Each structure stands twice: as C-alpha cells, then as structure tokens.
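The chain contents come next:
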Amino acid sequence: MTVPAAPITPAPVRPSPPVDVAALKALLDGPEAGIRDVVRRLLAEERFGYRYDLRSAEYREQVLVWLRILAGQGLGALAIAPAYGGAGNGRAVLAAFETLAYHDLSLTIKFGVQFGLFQGSVQLLGTEWHHRTFLPDISRGALLGGFAMSELGSGSNVRDLETTATYDPDHEEFVIDTPHPKAHKEWIGNVAAHGTMVTVFEQLITNGVRHGVHAFLVPIRDDQGRPMPGVTLGDSGIKEGLNGIDNGQIWFDQVRIPRRHLLNRFAD
C-alpha cells in the first residue's frame, strides 16, 4: 500500500530583525575601514566599469590598466617604508587586496603578484640597495614583475627546485640556468605578457658546492618587451575564472646577472 506524501507546508514568514547597517559595516571593515572605503570609491568610478565581452588578451590589458590606476593612487606603496615613497602599513595593503575581490578576481591576483609577491620578496629578502633601486618603480607599477618559484617538475617543493645560479668570481656574476626541460618555471604570474623582472628561487652554487635555495632578481624582458638574451618565455594559457591573468613559463640558458642581484638579507 502506498502512503500518500504529507503536504509540504511552507515555513512561516518571519519579519527580518532590525540591522544597524553602519555598525555592521564598521564591524566587518575593522580597523582598515578607511582604506577599504578608498578602494570602494575607486571601484565605483566609470573607468572601472566592468566589460563581459573581452577576449583573454584584451582582458589582460584591461587588468593592467586597472592595476596602474591603483598604483597611481598610492595603493601599491602601502606596505613599503616612507623612505621609498610608501606608507609602511602592511595591514592596509592586505585590506586593499581583500576589497578588490569584490570587483574582479583577475585584478585581485595581479595586484597580489605585483605588490605582494614581487614587491614583498624585494622588500623582505633584499637589503638597502635593492629597496632604493627597485621599490619605488615596483610600487608605482613602472617595473612589473613576478615571483618565479614553482617549477614543472618540482611544483612548490622549494627545497628541491632545480634551477641553478652558479657564481662566476672572475666577473662577479651569477649564471642562471634551467638544467633540463622540466625544471622550467611554471604558472608564474605577470610573465606571459607584462613582467620585465622576476624574483627567481634557485640553487646557489659556488666553487662546485650547492648552498641551497636563494632568491635573485633576474630581468626577463627589455624595454621593448622582447625576451632578454638566454630567456625563453611561454604562456600558461587561460585560467577558469581568472582569464585576465598572464601566468607564464620561463626557461633560462646561461643568463648572467650582477652579483648584487642576489637578494642578500640572509646570505652573501
């Protein structure tokens, strides 16, 4: 015998509790409410108007335009010291990063690569010469870069990365090399289209002895946007939901950089 289903009774409609919108906003924004409001006002401007008809290449260029607008408003310099044109406020740059996600995730990631990973590596792993030489241009979006850690064969297993930096004492240079095809840098943001320099994590070799992973600043494009000698660049392609990001690949073939491009906060 089939038992008839009980009728579905809709839940009673209850009045919404009163909400103090200003108090809720203050709670959610926290101490960084000021910078969050700055970002929201910028994103409400017509120049941040969203377009849904862009192909990936066009979308990447739009994201770059947006990034440079944000940098022009000082958002790229929030975390660096006042001596280099910044505000010295790490919490503010994180709050700005979070707030950008309400507009466009490709912009959020590019902002994080440029001003979090690339700029942060120079700031936290470099010393005074690196700060003075590179941070002002990075924070203004004039020097675009990336964080070249992951490799195809090693993923993010940093200890076992295979890219090498061999010191040449006669010329006071490091020679950067990709020892085999699967050791190339992969999924690196800002590389496929726009980056001109990257922080590269690689095995330091001096006098035939490996000294573990160190970080180096390596130019990858010249002023005309062409790959530097010995540098081969590739495009990792589109990423679902992040089609405005130019993730790319890098191969190095005996690329020479000055000794002081070693980010030497912890080792010389």
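The structure contained in this document is the topic of the report that follows. (Residues numbered from 1 in each chain as written. Predicted model: local features only at pLDDT ≥ 70, side-chain atom pairs only at ≥ 80, totals over all residues. Heavy atoms only, no water.)

### So, the environment of F174
And then number 1: When you line up the elements, F174 lands in strand β3 (residues 173-177).
And then number 2: Sequence-distant contacts of F174, that is, excluding residues within four places in its chain, are made with A165, T166, Y167, L204, F216, V255, R256, I257, P258, R259 and L262. (Helix = DSSP H or I, 4+ residues; strand = E, 2+ residues; numbered from the N terminus. Contact = heavy atoms within 4.5 Å.)

### Let's talk about the environment of P17
And then number 1: Tracing the backbone shows P17 in the segment before α1 (21-29).
And then number 2: With relative accessibility at 61%, the residue P17 sits in the exposed group. (Buried < 20%, exposed > 50% of the residue type's maximum accessible area, 1.4 Å probe, protein only.)

### Details of the packing of aromatic side chains
And then number 1: All chains considered together, the criterion is met by eight aromatic pairs.
And then number 2: Relative to W66, the ring of F48 lies with its centre 5.9 Å away and its plane at 20°, an arrangement referred to as stacked. Taken together, the residues span a long stretch of sequence, with F48 in the loop between α2 (33-43) and α3 (56-72) and W66 in helix α3 at a distance of 18 residues. Here the two residues F48 and W66 agree in accessibility, since each one is buried.
And then number 3: Ring geometry for W129 versus F134: centroids 5.5 Å apart, planes at 90°, classification edge-to-face. The same class applies to W129 and to F134, which are both buried.
And then number 4: An aromatic cluster of at least three residues, connected via ring pairs, comprises F48, Y50, Y52 and W66. (Phe/Tyr/Trp six-rings, centres within 6.5 Å; stacked < 30°, edge-to-face > 60°.)

### As for helix α4 (residues 90-100)
And then number 1: When α4 is considered as a whole, its buried residues turn out to be A92, V93, A95, A96, T99 and L100. The buried residues of α4 occupy an angular sector of 160° when projected down its axis, which confines them to one face. Exposed side of α4, more than 90 degrees from the buried face: R91 and L94 are the residues found there.
And then number 2: Its buried side turned inward, α4 meets α2, α3 and α5 (105-125).
And then number 3: The opening residue of α4 is N89, an N-cap whose side-chain oxygen sits 3.2 Å from the backbone nitrogen of R91. (Arc of directions from axis to C-beta. Polar contact = N/O pair within 3.5 Å; in protein donor to acceptor, adjacent residues only side chain to side chain.)

### Observations concerning unusual backbone geometry
And then number 1: Positive phi, close to 50°, is recorded for E172, a residue that is not glycine.
And then number 2: Turning to its location among the elements, E172 is positioned in the loop between β2 (164-168) and β3.
And then number 3: Residue classification places E172 among the partly exposed residues on the basis of a relative accessible area of 48%.

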